[in-house]
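Fold and contact review
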Amino acid sequence: MTTTALRHESDHDAALHRFFRDLQERYGPQHWWPADSPWEVAVGAVLTQNTNWGNVEKAITNLKRADVLPPDRILDLPIDALAAHIRPSGYFNLKASRLRNVAAWWQANAERGFDVSEPLAALRRDLLHVKGVGEETADSILLYAFGRPTFVVDAYTRRVLSRHGLVAATATYGEIKALCEAALPPETGSYNEYHALIVRVGKLHCSPTPRCANCPLAWHLSDVVS
DNA sequence: TACCAGGAGAAAA
DNA sequence: TTTTCTCATGGT
């Protein structure tokens, strides 16, 4: 790698770092993930796939009211009954099946005691083997349920960062995750806040259309790195 | 009415 | 390997 490339990379890291720091200063702590337990985080992570969080809250409320939120209760429920409870979250047949898969994984690990010392990469690979758990869902569970320092990338992350010239619009999940993790110290607390902040600013100002409505972060456009 | 929301997996190209 | 399709409710 050339010196120029190194400096370029370092400038890019600095721009990303400054971007997240400014989000933090502007919007303050976000207090994520909204859940009463690590398991509820995992349930929310599945139910929120391509779905508005308000709808997810309705589905989780249904599960709580019926007293069937815990993983063992979910596994005991007929699939149709589970789907009926989570209906407000959309894709309910698909998500009922995915929720069962995650509950089975959770139960199996709980029975032999979650190994908190397991290397992050190994735990992540293990989670990704669960059908219905993709990269974002796995990282959300690892970060917000298990407190492991893994950066969560979602549709807002790609859109917000690419519109500010900090990642390519065509970058893959892994590429964006690697760029952010290279630029930011691996700290659970800050990864927690940064993802929540991205979602906050994404909801406020960075919808697909209209583009960049009243974006307060325009100064970062001067940081564009090609 | 049309669009959007804290994706993932299968099928098609 | 990359792109397209399917899954679905509820708010704006």
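What you see is a predicted model, and the numbers here were worked out from it, not measured in a lab. (Residues numbered from 1 in each chain as written. Chains lettered and ligands numbered in written order. Predicted model: local features only at pLDDT ≥ 70, side-chain atom pairs only at ≥ 80, totals over all residues. Heavy atoms only, no water.)

**As for the overall build of chain A**
This is how it is decided: Runs of E in the DSSP output that reach at least two residues are strands. Runs of H or I that reach at least four are helices, and both are numbered from the N terminus. Radius of gyration means the value over C-alpha atoms here, while the globule rule gives 2.2 Å times the residue count to the 0.38 power. Under the scheme applied here, a residue whose accessible area is under 20% of the maximum for its type counts as buried, over 50% as exposed, and between as partly exposed, the area being computed with a 1.4 Å probe on protein chains only. In what follows, residue pairs with any heavy atoms lying within 4.5 Å of each other are defined as contacts.
Looking only at helices and strands, one finds 11 helices and 0 strands in chain A. Secondary structure elements of chain A occur, N-terminal to C-terminal, as α-α-α-α-α-α-α-α-α-α-α. Rg of the C-alpha trace for chain A: 19 Å, near the compact-globule value of 17 Å for 226 residues, within the 12% margin. The C-alpha extent of chain A, read off along each of the three principal axes, is 60 × 40 × 30 Å. Taking all 226 residues of chain A together, 45% fall into the buried category. Considering only contacts in chain A between residues 6 or more positions apart, those separated by 24 or more positions represent 66%.

**Some points on the protein's contact with DNA strand C**
We apply this condition: Near residues are defined by distance, with any heavy atom within 4 Å of the molecule or strand qualifying the residue. Throughout this description, a polar contact denotes any pair of N or O atoms lying within 3.5 Å of each other; where both atoms belong to protein, one of them has to be capable of donating a hydrogen while the other can accept it, and for residues adjacent in sequence the pair is counted only when both atoms sit in side chains. Residues are grouped as follows: Ala, Val, Leu, Ile, Met, Phe, Trp, Tyr, Cys and Pro are nonpolar; Asp, Glu, Lys and Arg are charged; every other residue, Gly included, is polar.
The environment of DNA strand C is made up of Asn-50, Asn-55, Lys-58, Arg-87, Pro-88, Gly-90, Tyr-91, Phe-92, Asn-93 and Leu-94. By atom count, sugar and phosphate contribute 51% of the portion of DNA strand C lying within 4 Å of the protein. Contacts to DNA strand C include Phe-92, whose backbone N or O atom sits 3.2 Å from a phosphate oxygen. In this structure, a phosphate oxygen belonging to DNA strand C sits 2.9 Å away from a main-chain N or O atom of Asn-93. Looking at the surface near DNA strand C element by element, the count peaks at 3 residues for helix α6 (residues 92–111). By residue class, the composition of the surface near DNA strand C is 4 nonpolar, 4 polar and 2 charged.

**Regarding the nonpolar core**
For clarity, the cut-off: Take the buried residues of types Ala, Val, Leu, Ile, Met, Phe, Trp, Tyr and Cys, join any two whose side-chain atoms come within 4.5 Å, and each joined set is a nonpolar core.
Core analysis: the biggest nonpolar cluster contains 63 residues, and Phe-20, Leu-23, Trp-39 and Leu-161 have the highest contact counts within it. Looking at which element gives the most residues to this core, the answer is helix α2 (residues 38–47), with 7 residues. Contact partners of Phe-20, with chain neighbours within four places excluded, come to Phe-151, Leu-161, Cys-180, Leu-184, Tyr-194 and Ile-198.

**Details of the protein's contact with DNA strand B**
Taken together, the neighbourhood of DNA strand B is formed by 26 residues, with Trp-33, Gly-132, Thr-137, Tyr-156 and Thr-209 sitting nearest. Among the atoms of DNA strand B close to the protein, meaning within 4 Å, 69% are from sugar or phosphate groups. Note that a sugar or linking oxygen of DNA strand B is positioned 3.4 Å from one of the side-chain N or O atoms of Arg-98. Those elements that place two or more of their residues in the surface near DNA strand B are α6, α8 (135–145), α9 (155–163) and α11 (188–205). For the surface near DNA strand B, a count of residues per class yields 10 nonpolar, 9 polar and 7 charged.

**Quick notes on the packing of helix α7 (residues 120–128) against α8**
Selection criterion: To get an axis, fit a line to the C-alpha atoms, keeping to the stretch in contact for a helix; angles then go from 0 to 180 degrees between the N-to-C directions. In this scheme, roughly parallel covers angles under 35 degrees and roughly antiparallel covers those over 145, while 65 to 115 is roughly perpendicular and the rest are oblique. Two helices that cross are described as forming a left-handed crossing if the nearer one is turned anticlockwise from the farther one by less than a right angle, and a right-handed crossing if clockwise.
Packing of α7 against α8 leaves a shortest axis separation of 9 Å and a crossing angle of 130 degrees. Relative to α8, the element α7 lies oblique. Crossing geometry of α7 relative to α8 is assigned as right-handed. Packed against α7, whose contacting residues are Leu-120, Leu-123, Arg-124, Leu-127 and Leu-128, the element α8 presents Glu-135, Ala-138, Asp-139, Ile-141 and Leu-142 at the interface.

**A look at the environment of Lys-64**
Structurally, the position occupied by Lys-64 is in helix α3 (residues 53–65). Assessed through its relative accessible area of 37%, Lys-64 is described here as partly exposed. Remark: the alpha-carbon pair of Lys-64 and His-85, spanning 21 residues in sequence, is separated by 9.6 Å. With near-sequence residues (within four places) excluded, Lys-64 lies in contact with Asp-36, Glu-40 and Leu-69.

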